[in-house]
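One letter stands for each residue in the lines below.
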Amino acid sequence: MLKMKLKPTKHEDERRVLIEYISGIPFKRAKILQTKMDCLLGKHYHKENDSGFYLFKGKGSYLLKPLDGIQESGIFEEGDCLFVPRGVIHTFDLKAGSIMLETASEIFNLKDEISVM
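Basis of the calculations
- Position numbers for residues start from 1 in each chain and track the written sequence from start to end.
- Per-residue local features are limited, in this predicted model, to residues with pLDDT of at least 70; the limit for side-chain atom pairs, both in listing and counting, is 80 or more; totals at the level of whole chains, interfaces and linings are taken over all residues.
- Only hydrogens and water are removed before side-chain values are computed, so all heavy atoms of the structure are retained for them.
- The helix and strand labels rest on DSSP assignments: H or I over at least four residues marks a helix, E over at least two residues marks a strand, and numbering proceeds from the N terminus.
- Accessibility here uses a 1.4 Å probe with only protein chains present; expressed as a share of the type maximum, an area under 20% marks a residue as buried, one over 50% as exposed, and anything in between as partly exposed.
- Using a 1.4 Å probe, accessible areas were evaluated by the Shrake-Rupley method; residue-level cover was limited to the displayed protein chains.
- By the convention used here, residues are in contact when the closest approach between their heavy atoms is within 4.5 Å.
- If DSSP finds at least two bridges between two strands, the strands pair.

This part takes up the overall build of the protein chain. Within the protein chain, the regular secondary structure consists of 0 helices and 12 strands. Each helix (α) and strand (β) of the protein chain, taken in turn from the N terminus, gives the series β-β-β-β-β-β-β-β-β-β-β-β. Counting all 117 residues of the protein chain, 33% fall into the buried class. A total accessible area of about 7,500 Å² is found for the protein chain, and carbon and sulfur atoms account for 55% of it.

Structure below.
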């Protein structure tokens, strides 16, 4: 199973609060995705990139299908994290207003994103 339930680590002092959500997964980029409407995202895989997804807010579902394996699907709720290794088709069906952090092990390369309509 690729879905992980993470317990964030909190570091706090009088100046600020730092909350570490994803740890132990090396990445070279990160981005925040915020949905404006209910939408289907992904439907692709990467040949050279591993991804991590953390849902800060909202809900939806996910579908993961390794190119040579059995598909996995489920509910994606606040606080859930998915690690998606290269070669796994990943699709998200997120509700409007969802906020998701995506991390990637490599710098963006359009040629590495293989769509599977």
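So much for the structure itself; the text now carries on.
Structurally, the position occupied by Thr9 is in strand β2 (residues 9–12). By relative accessible area, Thr9 is classed as partly exposed at 36%. Along the chain, Thr9 and Ile19 lie 10 residues apart, while their C-alpha atoms are 5.6 Å from each other. Thr9 has contacts with Leu18, Ile19 and Glu20, leaving out every residue within four places of it along the chain.

Turning our attention to the pairing of strand β6 (residues 51–57). Of all the 7 residues making up β6, 5 are buried; the element is thus mostly covered by neighbouring parts of the structure. Across 4 bridges, the pairing between β6 and strand β9 (residues 80–84) is antiparallel. Bridge assignment links Tyr54 to a residue of β9, and that residue is Cys81. Examined bridge by bridge, β6 and strand β11 (residues 99–104) share 6 bridges and lie antiparallel to one another. Bridge pairing in β11 links Lys57 to Ile99.

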